[in-house]
Amino acid sequence: FRRVLFRSLMYSGSMNKKQGLDLLAEVIHQLADLPQLVWLLAGEGPTKAELVKATQGLPNLRHLPLQPMERLNDWLNAADIHLLPQKAEAADLVLPSKLLGILASGRPVVASSPAGSELAALAEQAGACVPPGDINSFSMALRKLIASPQHRADAGRRAREIAEKRFGMDAVLDCF
């Protein structure tokens, strides 16, 4: 009897063009050889139908509606690894609003953003950041986190520290 530990990988939020969810569909296909993964894809938006179609029939994948605000804390804590694909042109905008909740969850994140962006700097500390559109790098970053419980734990700890030290109430009030 072999015990299989499932790992949940989560995308949660808007499903618009700037998210680069087409990359995510390809990554899910590339990691289909890892049956212990559970993919949780929650959100709404104009590209959701495309994502559902591109991942149709894949095992261990759940498409869910956007989760209500009162469940957000429990929902984000359900992930072992958060997924944050972004198109290159989105990098010059503000940080994704979902990033702070992801960091506060104390779970690692794999994001896509150009080197030198603020998102890239944060994601590199809290997991991994790869170039936008780079399916192979995104998949490899996930494989590395999946394979190493220690790496996941360290990245998650750093994520939580970033949330508290840089974006916590005291840190924000100190800036004023």
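Residues numbered from 1 in each chain as written. Predicted model: local features only at pLDDT ≥ 70, side-chain atom pairs only at ≥ 80, totals over all residues. Heavy atoms only, no water.

Engineer: Explain the packing of helix H5 (residues 118-125) against helix H7 (residues 149-167) to me, and be specific about the residues and the numbers.
Structural biologist: Where H5 meets H7, the axes come as close as 8 Å, and the angle between the chain directions of the two elements is 130°. When the interaxial angle is binned, H5 and H7 end up oblique. Each of Glu118, Leu122 and Gln125 in H5 lies in contact with H7, whose residues at this interface are Ala155, Arg158, Ile162, Arg166 and Phe167. (Axes fitted to C-alpha atoms, helices over the stretch in contact; angles between N-to-C directions. Helix = DSSP H or I, 4+ residues; strand = E, 2+ residues; numbered from the N terminus. Parallel < 35°, antiparallel > 145°, perpendicular 65-115°, else oblique. Contact = heavy atoms within 4.5 Å.)

Engineer: Any chance you could break down the side chain of Ser105 for me, citing the residues and the numbers?
Structural biologist: Mapped onto the fold, Ser105 is located in the loop between helix H4 (98-104) and strand E5 (109-112). Among the polar contacts made by the side chain of Ser105, one reaches the side chain of His82 at a distance of 3.4 Å. (Polar contact = N/O pair within 3.5 Å; in protein donor to acceptor, adjacent residues only side chain to side chain.)

Engineer: Summarise unusual backbone geometry; cite the residues concerned and give the values.
Structural biologist: Peptide bonds are mostly trans, and most non-glycine residues show a negative phi. Even without a glycine there, the phi angle at Asn60 is positive, about 55°. You can call Asn60 partly exposed: its relative accessible area is 25%. (Buried < 20%, exposed > 50% of the residue type's maximum accessible area, 1.4 Å probe, protein only.)

Engineer: Can you tell me about the nonpolar core, naming the residues and giving the values?
Structural biologist: Within soluble globular proteins, side chains that are nonpolar generally end up buried alongside one another. Judged by nonpolar contacts, the single largest core of 28 residues is most densely connected at Leu9, Trp39, Leu41, Leu83, Val110, Phe138 and Leu142. Within the residue set of this core, elements represented by two or more residues are strand E1 (7-12), helix H1 (21-30), strand E2 (37-42), strand E4 (81-84), strand E6 (127-130) and helix H6 (135-147). With six residues, the top contributor of residues to this core is H1. Once residues lying within four places of it in the same chain are set aside, the contact partners of Leu9 are Leu37, Val38, Trp39, Leu40, Ile81, Leu83, Leu142 and Ile146. Ala111, Leu119, Ala123 and Ala159 belong to the second-largest nonpolar core, a separate cluster that totals 15 residues. (Core = buried A, V, L, I, M, F, W, Y, C linked by side-chain atoms within 4.5 Å.)

Engineer: Go over the pattern of salt bridges, please, and point to the residues and values.
Structural biologist: In the structure shown here, the tally under the stated rule is nine salt bridges. Among the ionic pairs, Lys87 bridges to Asp22, the shortest N-O distance being 3.7 Å. With Lys87 in the loop between E4 and H4 and Asp22 in helix H1, this pair connects stretches of sequence that are 65 residues apart. For Asp22, a relative accessible area of 48% corresponds to the partly exposed category. (Salt bridge = Lys/Arg side-chain N within 4 Å of Asp/Glu carboxyl O.)

Engineer: Report on the pairing of E4, specifying residues and quantitative values.
Structural biologist: Side-chain direction in a regular strand flips from residue to residue, so the side chains alternate between the two faces of the sheet. Going residue by residue along E4, you find Ile81 and Leu83 tucked away on one face and His82 and Leu84 tucked away on the opposite face as well. Where E1 and E4 come together, two bridges link them in parallel fashion. Of the residues in E4, the one forming a bridge with Leu9 is Ile81. The pairing of E4 with E5 spans three bridges and is classified as parallel. Along E5, the bridge assignment pairs Leu84 with Ala111. (Pairing = 2+ DSSP bridges.)

Engineer: So what's going on with H5? Which residues, and what values?
Structural biologist: Two residues of an α-helix separated by three or four positions point the same way, owing to the 3.6 residues in each turn. Within H5, burial applies to Leu119, Ala120, Leu122 and Ala123. Residue Gly127 follows H5 closely and has a positive phi angle near 155°.

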